[in-house]
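# Observations on the three-dimensional arrangement
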Amino acid sequence: MTYILYGEPGSGSFTPEALLAEAGAEVEKKWLDLSRDEQLDENYKRVNPMGRVPTLILPDGTIMTESAAIILTIAERHPEAELLPPPASRERALAYRWMMFIASNIYEAVSREDYPARFTTDPAGADGIKEAATMELRRLWTLLDRTLNPSPYAIGDRFTALDVYIANLSRWIVGAEWRAEHCPRLDRLAEAVAQRPKIAPIWRAHFG
């Protein structure tokens, strides 16, 4: 049972790759060079019309996009890996809450920071959009750090898929020094994820 994962080192493709490793599933990686806009190539857009990564193709050929949906699908298909807390539990509800928070708020701000020109018809306004997005990202990450208070994981001492999602996107916080000062708990969470035996080599491949 082999999955096919489209992505790029250092991108959001780390999360599904790491979760599939935790689940012991086989994955074939197809890396794209986003610096050359390979995600916008028409051949790839036949797979993901949005021209984004990651994209995960399930063993039955089903195409999955949207990181949060990919996470939930992997967790559901591999219950033995216990990537989410038990159904209907308080911990499961919290995992859902913060995964959707990241997908709806942080990812959106990352897009504005990385591609500000896409969010204005006035080229002169792109720098202001980028600056505002940076400020918003820092506000959101600070909120997450203070509200979750990981110890060491996001939901107490239990590792979940949420931890991988947070660790992945935390590498995109503007400035490692800023992150260390303002989000120390999330930095420790990322370190805990990076040290997991099945994830450690994947972390090194993506983030050094």
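The structure under discussion appears in the preceding block.
All of these numbers come straight from a predicted model, not from anything done at the bench.

### Quick notes on the packing of helix α3 (residues 67–77) against helix α4 (residues 90–114)
At a closest axis distance of 9 Å, the pairing of α3 and α4 adopts a crossing angle of 155°. Taken as axis vectors, α3 and α4 run roughly antiparallel relative to one another. Taken together, the residues of α4 that come into contact with α3 (itself represented by S67, A68, I71 and L72) are Y96, M99, M100, A103 and Y107. Counted by class, the contact of α3 with α4 contains eight nonpolar, one polar and no charged residues.

### Description of the side chain of S11
By the element assignment, S11 lies in the loop between β1 (2–7) and α1 (14–22). A distance of 2.6 Å separates a polar atom in the side chain of S11 from the backbone oxygen of E8. What S11 contacts, discounting residues up to four positions off in sequence, is V53, N168, W172 and H206.

### With respect to the environment of L140
Among the secondary structure elements, L140 is positioned in helix α5 (residues 126–148). Spatially, the C-alpha atoms of L140 and W172 are 12 Å apart, while their sequence positions differ by 32 residues. If sequence neighbours within four positions are ignored, L140 has contacts with F101, N105 and I106.

### Brief notes about the pattern of salt bridges
Here the structure, examined in full by the defined rule, presents nine salt bridges. Here K29 makes a salt bridge to E17, at a shortest N to O gap of 3.2 Å. Here E17 lies in helix α1 and K29 lies in strand β2 (residues 26–31), a separation of 12 residues in the sequence. Residue classification places E17 among the buried residues on the basis of a relative accessible area of 7%. A salt bridge links D145 to R185; the shortest N-O distance between them is 2.7 Å. Taken together, the positions of D145 in helix α5 and R185 in helix α8 (residues 184–194) put the pair 40 residues apart, joining distant regions of the chain. Linked through salt bridges whose partners overlap, the residues forming this network are R171, R179 and D187.

### Comments concerning the pairing of β1
Strand direction decides the pairing type here: β1 and β2, joined by six bridges, are parallel. Bridged to T2 within β2 is E26. Crossover handedness for the path β1 to α1 to β2: right-handed. In this structure, β1 lies alongside strand β3 (residues 55–57), joined through three bridges in antiparallel fashion. When the bridges of β3 are listed, I4 appears paired with I57.

Rules and cut-offs
- Residues numbered from 1 in each chain as written.
- Predicted model: local features only at pLDDT ≥ 70, side-chain atom pairs only at ≥ 80, totals over all residues.
- Heavy atoms only, no water.
- Axes fitted to C-alpha atoms, helices over the stretch in contact; angles between N-to-C directions.
- Helix = DSSP H or I, 4+ residues; strand = E, 2+ residues; numbered from the N terminus.
- Parallel < 35°, antiparallel > 145°, perpendicular 65-115°, else oblique.
- Contact = heavy atoms within 4.5 Å.
- Nonpolar A, V, L, I, M, F, W, Y, C, P; charged D, E, K, R; others polar.
- Polar contact = N/O pair within 3.5 Å; in protein donor to acceptor, adjacent residues only side chain to side chain.
- Salt bridge = Lys/Arg side-chain N within 4 Å of Asp/Glu carboxyl O.
- Buried < 20%, exposed > 50% of the residue type's maximum accessible area, 1.4 Å probe, protein only.
- Pairing = 2+ DSSP bridges.
- Right-handed = clockwise from strand over helix to strand, strands pointing away.

By themselves, these are just geometric observations and shouldn't be taken as functional.
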